[in-house]
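Observations on chain architecture
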Amino acid sequence: MEKNKSSFNFEEADKFIKNSFSDFYGCQCGYLNTPKHQIVAKYDETVIFTGATITPFMPRLISGIDYPGLFLIQPCLRTNNVKSAYDENHIPEYMSYFTMCGTLYSPRKKKEKINDA
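Residues numbered from 1 in each chain as written. Predicted model: local features only at pLDDT ≥ 70, side-chain atom pairs only at ≥ 80, totals over all residues. Heavy atoms only, no water.

Time to look at the environment of D44. Among the secondary structure elements, D44 is positioned in the loop between β1 (32–33) and α2 (54–63). For the pair D44 and P56, spaced 12 residues apart in sequence, the C-alpha separation works out to 8.2 Å. (Helix = DSSP H or I, 4+ residues; strand = E, 2+ residues; numbered from the N terminus.)

Now the structure itself:
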């Protein structure tokens, strides 16, 4: 049986999405690029893994300090039933590794930033 080969290139699509997101929010909208964080969230004791872009943004979000528009392209890991992840007799309900693009901006600039999105 011959495998169905797709012409879709995931690496090129990944680069295109990341570059387009960076160009739009960084160059066109003037947001600041926030460096990605480690997948093991040692910087946040409330979570084990970085599961979304909000995790690295959280300290700025809860600080109450006004901040400029920020954007981030972040590797993420989400798990459910992580305690049984290595049990070969149990199929975890949910585990995924992916890259998430996200933005954060001051609530005072809400109307302006909604137009960016």
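In a structure, side chains of opposite charge can pair up when their charged atoms sit close to one another. For the structure on display, the rule yields 3 salt bridges. Between K18 and D14 there is a salt bridge; the shortest N-O distance is 3.1 Å. Of this pair, K18 and D14 both sit in helix α1 (residues 10–28), 4 residues apart, roughly one helical turn. Among the residues examined, D14 registers a relative accessible area of 32% and is labelled partly exposed. One salt bridge connects E112 with K113, and the closest N-O pair in it is separated by 3.4 Å. Each of E112, K113 and D116 takes part in salt bridges that share partners, so that together they form one network. (Salt bridge = Lys/Arg side-chain N within 4 Å of Asp/Glu carboxyl O. Buried < 20%, exposed > 50% of the residue type's maximum accessible area, 1.4 Å probe, protein only.)

Now for the side chain of S106. Tracing the sequence through the fold places S106 in the loop between β3 (94–104) and α3 (110–116). The residues contacting S106, other than those within four sequence positions of it, are D66 and Y67. (Contact = heavy atoms within 4.5 Å.)

The next subject is the side chain of T53. With respect to the secondary-structure elements, T53 resides in the loop between β1 and α2. Setting aside residues up to four positions removed in sequence, T53 forms contacts with L72, Q74, C76, M100, C101 and G102.

Taking 1.5 Å of rise per residue, 19 residues should cover 27 Å, and α1 covers 26 Å from first to last C-alpha, within 8% of that figure. The N-cap of α1, judged by a side-chain oxygen 3.0 Å from the amide nitrogen of E11 a few residues on, is N9. One or two steps after α1, the chain reaches G30, where phi turns positive at roughly 75°. (Expected span 1.5 Å × (residues − 1). Polar contact = N/O pair within 3.5 Å; in protein donor to acceptor, adjacent residues only side chain to side chain.)

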